[in-house]
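# Fold and geometry: a report
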Amino acid sequence: MIPRHDPQLKALASDNYAGVHPEILQAIATANGGHQTAYGDDVYTEALQEVFQRHFGEQAHAWPVFNGTAANVVSLRAMTAQWEAVICAESAHINTDEGGAPEVVGGIKLLSVPTPDGKLTPELVDRQAWGFGDVHRAQPRVVSISNSTELGTVYTPAEIAALCAHAHERGLLVHLDGSRLTNAAAALDVPMRALTTDAGVDVLSFGGTKIGLLYGEAVVVLNPDAARGIDYLRKTFMQLSSKMRFVSAQFEALLSGDLWLRNARRANAMGRRLAEAVGDIPGVEVTRPVEANAVFAVLPPDVIGRLQKRMRFYTWDEARNEVRWMCAFDTTEADVDAFAAAVAEEMGSARS
Ligand SMILES: Cc1ncc(COP(=O)(O)O)c(C=O)c1O
């Protein structure tokens, strides 16, 4: 087969646009050949538990699934009864970008709260944590946060610990959408357990795809009392991979050494480099703190249109002419510098 795309062509649209890290592809090849018991009773999935426990503690148990939306839906359904609800930021992926899957597929009521930076605080949680015992109100049961957030910000261990303490005091559980947990941990230079297990998070959706896997995410239960029936729910929600060994092998390659950290550090470093490079260009306003691998900026609409023809990226908020540039594990200094030069060039001929 001949390649149908230009393997040198990069984008700043999403870390999902990137291909597969060569060490991950190698792991898939290593896991190939012969027969293994299907549906997760294979030696790679068995070994995976120990790999996740090294990062998240002895009580952690991981259930590989196909994608991040599913990890969230399975996690949240396992944490709630039918009459219970999930508090989240208005900007949370579960609220804005999952096609309604938590509601439609999971039957989960979301109670969202506007935030300035994508982060919940104990005070913001309390805007929705009320009505306990009122039969007319879906009963708040889970607080769901994302780290890093959809707005490129990062919760510190102390912020998560404070949220978890507050939630638990109020009888609420905490779910963390860790689609980019690797980026958050690398940005703060802390182990991933500092942002999860040690801070009091109950259940984690752990992201692999954005950090170099071909595909695969995992529901990781950190508090065994917080979730029920994942073995069954994973099948009910069509997430039980028959050839699970290939998902598990990818996670082993990502997590048993420092591949996760190398990939996350690079993506974050490229985000910082891009923000610095475009921050000085007159007329370009970087709109949010660049704490992980995403850069948000406002620039004139005609420039956005021309730049999008040169390099793919998304407009985040059309009303504000705000765009999102997302770096990936394979974004290079040369990619960033070339794009920043393109921004400068297009701004030079911007309509005033
Ligand atoms: C914060 C967050 N959570 C979850 C996901 C998972 O999405 P998917 O179902 O596309 O794997 C994404 C993907 O963009 C995300 O950004």
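Residues numbered from 1 in each chain as written. Predicted model: local features only at pLDDT ≥ 70, side-chain atom pairs only at ≥ 80, totals over all residues. Heavy atoms only, no water.

Moving on, we come to the packing of aromatic side chains. Summed over the entire model, instances satisfying the criterion amount to eleven aromatic pairs. On the numbers, 6.2 Å between centres and 85 degrees between planes, the contact of Tyr17 with Tyr314 is edge-to-face. One end of the pair, Tyr17, is in the segment before helix 1 (22-30); the other, Tyr314, is in strand 10 (residues 314-317), and 297 residues separate them in sequence. On the basis of relative accessibility, which here comes to 37%, the residue Tyr17 falls in the partly exposed class. (Phe/Tyr/Trp six-rings, centres within 6.5 Å; stacked < 30°, edge-to-face > 60°. Helix = DSSP H or I, 4+ residues; strand = E, 2+ residues; numbered from the N terminus. Buried < 20%, exposed > 50% of the residue type's maximum accessible area, 1.4 Å probe, protein only.)

The strands making up a sheet associate through backbone hydrogen bonding, with each pair oriented either parallel or antiparallel. Taken together, the seven strands give an open sheet; going across it, the order is 1-7-6-5-4-2-3, and neighbouring strands pair in mixed fashion. Pairing within the sheet leaves two strands with one partner each, and these edge strands are strand 1 (61-65) and strand 3 (109-113). Shown here is a sheet whose adjacent strand axes are inclined to one another by a mean of 25 degrees, direction ignored. Of the strand pairs in this sheet, strand 4 (residues 139-146) and strand 5 (residues 173-178) are connected by five bridges, and their pairing is parallel. Bridging across to strand 5, Ser146 finds its partner in Asp177. (Pairing = 2+ DSSP bridges. Axes fitted to C-alpha atoms, helices over the stretch in contact; angles between N-to-C directions.)

Right, let's talk about the side chain of Gln239 for a bit. The residue Gln239 is located in the loop between helix 9 (230-236) and helix 10 (245-255) in this model. One polar contact links the side chain of Gln239 to the main-chain amide nitrogen of Phe66, over a distance of 2.8 Å. (Polar contact = N/O pair within 3.5 Å; in protein donor to acceptor, adjacent residues only side chain to side chain.)

Looking now at the packing of helix 12 (residues 301-310) against helix 13 (residues 333-348). Packed helices, taken two at a time, are described by the angle between their axes plus the distance between the axes. The interhelical angle for the contact between helix 12 and helix 13, taken along N-to-C directions, is 145 degrees, at an axis separation of 10 Å. Crossing of helix 12 over helix 13 shows right-handed handedness. Across the interface between the two elements, Val303, Arg306, Leu307 and Arg310 of helix 12 pack against Phe339, Ala342, Val343, Glu345, Glu346 and Met347 of helix 13. Residue composition of the contact of helix 12 with helix 13, grouped by class: six nonpolar, no polar and four charged. (Left-handed = near helix turned anticlockwise from the far one by under 90°. Contact = heavy atoms within 4.5 Å. Nonpolar A, V, L, I, M, F, W, Y, C, P; charged D, E, K, R; others polar.)

Interhelical geometry of helix 1 versus helix 10 gives an angle of 135 degrees and a closest axis separation of 8 Å. Between helix 1 and helix 10, the crossing angle belongs to the class labelled oblique. Here helix 1 runs over helix 10; the crossing is right-handed. In this structure, helix 1 uses Glu23, Ile24, Ala27 and Ile28 to contact helix 10, whose residues at the interface are Phe246, Ala249, Gln250, Ala253 and Leu254. For the contact of helix 1 with helix 10, a count of residues per class yields seven nonpolar, one polar and one charged. (Parallel < 35°, antiparallel > 145°, perpendicular 65-115°, else oblique.)

Below, the discussion takes up the pattern of salt bridges. Any two side chains of opposite charge can pair, so long as their charged atoms come close to each other. Taken as a whole and assessed by the stated rule, the structure comprises 17 salt bridges. The partner of Arg265 in a salt bridge is Asp189, and the shortest N-O contact between them spans 3.4 Å. On the criterion of sequence distance, the pair formed by Arg265 in helix 11 (residues 259-279) and Asp189 in the loop between helix 8 (181-188) and strand 6 (203-207) is long-range, its members being 76 residues apart. The class for Arg265 is partly exposed, based on a relative accessible area of 43%. Look at Asp189 and you get exposed, because its relative accessible area is 58%. The shortest N-O distance in the salt bridge between Asp258 and Arg262 comes to 2.9 Å. Where salt bridges share partners, they join Asp302, Arg306, Arg310, Glu345 and Glu346 into one cluster. (Salt bridge = Lys/Arg side-chain N within 4 Å of Asp/Glu carboxyl O.)

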